[in-house]
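Residue strings, one per chain:
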Amino acid sequence: MEQSAGPATGWWTEAVIYQIYPRSFADSNGDGIGDLPGITARLDHLVELGVDAVWLSPFYPSPQADAGYDVADYRDVDPLFGTLADADKLITEARSRGLRVIVDLVPNHTSSAHRWFTAALAAGPGSPERDRYVFRDGTGADGDQPPNDWQSVFGGPAWTRVTEPDGRPGQWYLHLFDPGQPDLNWDNPDVRAEFLDVLRFWLDRGVDGFRVDVAHGLIKQADLADWQEPQEILSGREVDKPRPPMWDQDGVHEIYRDWRALLDSYPGERILVAEAWVEPAERLARYVRPDEMHQAFNFEYLLASWTAPAQYAVITRSLEATDTVGAPTTWVLSNHDVVRHASRLGLPVGTPRPHGIGIGDEQPDTALGLRRARAATLLMLALPGSAYLYQGEELGLPEHTTMPDEARQDPTWERSGHTLRGRDGCRVPIPWEADAPSYGFGPTDASWLPQPPLWAEFALDRQRGVPGSTYELYRTALRLRREHGLGRGTLAWLATGDEVLSFRNDGLTVLTNFGPAAVPAPAGELVATSAPLTDDGLVPTDVTVWVRSA
Ligand code: NOJ
Ligand code: CA
């Protein structure tokens with residue numbers, strides 16, 4: 001069976017897009033927080049690495065209740081990260097190097113410090129200002145119980161009660177995330193008009209697209225019915241099971257059709273990428289129908305177990321599902337919300353998705369994790385479609401799995417009553433130079449999350465030009481991927497057993513060995529391998545090879 005990335009054409013159908021988490025990429029002024037001038041100064045790294053585009057996590061003014069995913073002003077830059085002029089400069093400098101720029105759009109909720117929310121509190125119940133959010137009276141005799149049983153993704157109730165302008169306890173507002181992130185009411189026309197305008201604001205500044213946060217959450221079931229299940233951002237449902245009333249409601253699609261029409265009215269190919277934790281793949285494919293978004297993150301792929309059958313199943317299913325709507329498939333292994341794949345894959349196969357790892361938790365096998373991560377990446381970068389990389393994975397960075405709990409900043413840790421460690425471990429500022437303060441993250445020792453001591457060995461300057469380093473492996477893979485046009489190629493399976501997966505994508509044969517015994521490499525010239533072959537030229541366990549056919 002042959003599978004391609006679909007009939008769509010355009011830069012984004014095969015692009016490798018690198019996620020920058022601005023707080024942790026590069027700090028220009030030594031305050032311990034990464035910033036936009038820091039990113040601009042390091043753009044050449046991304047050119048040398050060989051990616052096509054960057055996606056920047058939010059840098060907008062924000063009280064930082066959720067590391068910037070609580071936006072107080074969608075049309076400015078937080079002084080922590082720089083100025084609007086710095087953003088313009090970053091966009092210009094990136095584009096002059098041939099890198100496209102995607103920014104993050106957070107439409108499900110604003111910050112509680114947004115002027116709309118302040119106005120809603122002041123205006124009182126029943127006001128047009130309140131109608132932009134999801135305010136309801138409480139239940140129980142005094143209205144002191146939340147309107148329904150929904151839980152926040154970060155733990156605890158999804159509702160917070162406000163104090164009315166007259167000083168009395170009043171209505172409740174919905175926040176699927178932190179109380180500092182009130183959910184917007186997308187049935188309100190002000191909300192729709194505002195976001196079209198925000199899109200225009202950034203399109204006019206030259207961005208190439210938007211990564212849309214919680215794209216599956218904007219519309220809630222109208223009756224806000226109780227949902228007895230534990231909260232998970234993942235809708236995680238088979239088609240025939242009831243859909244959670246807060247996720248993946250059909251009404252979201254109309255919003256994206258409006259946005260697509262706006263983007264299409266601009267020159268160049270500007271794109272929308274859905275962050276939608278929606279399963280199964282057929283449901284997710286609805287977000288990338290021809291008149292909606294261009295891409296959606298493939299979290300089913302990220303969550304798949306490290307076994308040949310599981311990887312085969314998720315790859316074929318992903319390609320089939322996007323094929324039904326003519327969109328390219330995407331691939332991703334790490335981001336700022338999940339345990340880095342170099343650590344995740346060091347946990348026993350079949351371990352459920354960890355919500356962070358800390359002191360006292362089962363620790364991953366670091367060497368095994370890195371070995372599998374390299375194999376997984378080399379497999380991923382050979383697949384047709386578009387791939388997302390998360391800053392630092394090109395260095396083989398593991399999760400910081402022994403971070404002191406006092407240093408944690410993710411609201412998940414507090415709100416879950418110290419049961420879920422949260423996402424700090426994948427957000428640690430990245431190492432550039434082994435012997436510099438903060439490993440070259442900035443000019444001082446300051447770092448908003450502590451960097452682990454072993455960061456030195458992962459630093460870019462320890463890996464650059466070193467054959468076999470993770471960094472050089474990524475560079476080789478990205479170069480060959482481009483040369484062979486793998487992103488727009490066609491996948492033809494050669495072996496799909498319990499232990500070995502192998503396929504051809506145009507001129508390359510790819511093989512991953514998941515089994516315990518070493519296996520023969522495909523015939524031809526070995527052009528990339530995630531770890532050395534055996535002395536007999538066999539492909540050992542947990543290794544991917546790329547072979548150029550004779
Ligand atoms: C998804 C973002 O990736 C995550 O970091 C954030 O906490 C939630 N959306 C809420 O905005
Ligand atoms: Ca800074």
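All of the points below concern the structure found in this document. (Residues numbered from 1 in each chain as written. Chains lettered and ligands numbered in written order. Predicted model: local features only at pLDDT ≥ 70, side-chain atom pairs only at ≥ 80, totals over all residues. Heavy atoms only, no water.)

### So, the pattern of salt bridges
Argument step 1. Tallying each qualifying case throughout the model produces 41 salt bridges.
Argument step 2. Residues Asp-183 and Lys-220 are paired through a salt bridge, measuring 2.7 Å at the closest nitrogen-oxygen approach. With Asp-183 in the loop between β7 (169–174) and α5 (189–204) and Lys-220 in the loop between β8 (209–212) and α6 (252–264), this pair connects stretches of sequence that are 37 residues apart.
Argument step 3. Here Arg-289 ties to Glu-292 by a salt bridge, and the two come within 2.9 Å at their closest N and O atoms.
Argument step 4. For Arg-289, a relative accessible area of 23% corresponds to the partly exposed category.
Argument step 5. For Glu-292, a relative accessible area of 0% corresponds to the buried category.
Argument step 6. Three or more residues are tied together by salt bridges with common partners; here these are Asp-66, Asp-337, Asp-410, Arg-423 and Arg-427. (Salt bridge = Lys/Arg side-chain N within 4 Å of Asp/Glu carboxyl O. Helix = DSSP H or I, 4+ residues; strand = E, 2+ residues; numbered from the N terminus. Buried < 20%, exposed > 50% of the residue type's maximum accessible area, 1.4 Å probe, protein only.)

### Details of the sheet that holds strand β14 (residues 500–505)
Argument step 1. In space, the 6 strands of this open sheet follow the order β1-β13-β14-β15-β19-β17, with antiparallel pairing throughout. For this open sheet the edge positions go to β1 (2–4) and β17 (525–529), each flanked by a neighbour on one side alone. Here the average twist between neighbouring strands, direction ignored, is 25°.
Argument step 2. For strand β13 (residues 490–496) and β14, the ladder comprises 5 bridges, and the chain directions are antiparallel. Bridge pairing in β14 links Leu-491 to Asn-505.
Argument step 3. Along the sheet face, helix α9 (residues 308–323) touches β1, β13 and β14 and points at about 155° away from the line of β13.
Argument step 4. Against the sheet, helix α11 (residues 366–380) touches β14, β15 (508–513), β17 and β19 (543–548), its axis set at about 35° to β19. (Pairing = 2+ DSSP bridges. Axes fitted to C-alpha atoms, helices over the stretch in contact; angles between N-to-C directions. Contact = heavy atoms within 4.5 Å.)

### Digging into the coordination of the calcium ion (ligand 2)
Argument step 1. Donor atoms from the polypeptide that coordinate the calcium ion (ligand 2) comprise Asp-27 (OD), Asn-29 (OD1), Asp-31 (OD), Ile-33 (O) and Asp-35 (OD), at 2.2 to 2.4 Å from the metal.
Argument step 2. Mapping the donors of the calcium ion (ligand 2) onto the primary sequence gives the spacing D-x1-N-x1-D-x1-I-x1-D.
Argument step 3. On the basis of relative accessibility, which here comes to 4%, the residue Asp-27 falls in the buried class. (Donors = N, O, S within 2.8 Å, 3.2 Å for Na, K, Ca; no water.)

### Quick notes on the packing of aromatic side chains
Argument step 1. Evaluation of the coordinates by the stated rule reveals 27 aromatic pairs.
Argument step 2. Judged by centre distance (5.0 Å) and plane angle (80°), the ring pair of Phe-117 and Tyr-133 falls under edge-to-face. Of this pair, Phe-117 sits in helix α4 (residues 115–123) while Tyr-133 sits in the loop between α4 and β5 (135–136), and the two are 16 residues apart along the sequence.
Argument step 3. The exposure class assigned to Tyr-133 is buried, which follows from its relative accessible area of 2%.
Argument step 4. In textbook terms, an aromatic cluster arises when at least three aromatic residues are bridged by ring pairs, as seen for Tyr-74, Trp-186, Phe-195, Tyr-256, Trp-259 and Tyr-287.
Argument step 5. Residue placement shows Arg-42 over the ring face of Trp-432; its charged tip is 4.1 Å from the ring centre.
Argument step 6. In this structure, Arg-130 packs its charged tip against the face of Phe-135, placed 4.6 Å from the ring centre. (Phe/Tyr/Trp six-rings, centres within 6.5 Å; stacked < 30°, edge-to-face > 60°. Lys NZ or Arg CZ within 6 Å of the ring centre and 35° of its normal.)

Nothing here speaks to function; it is all geometry.
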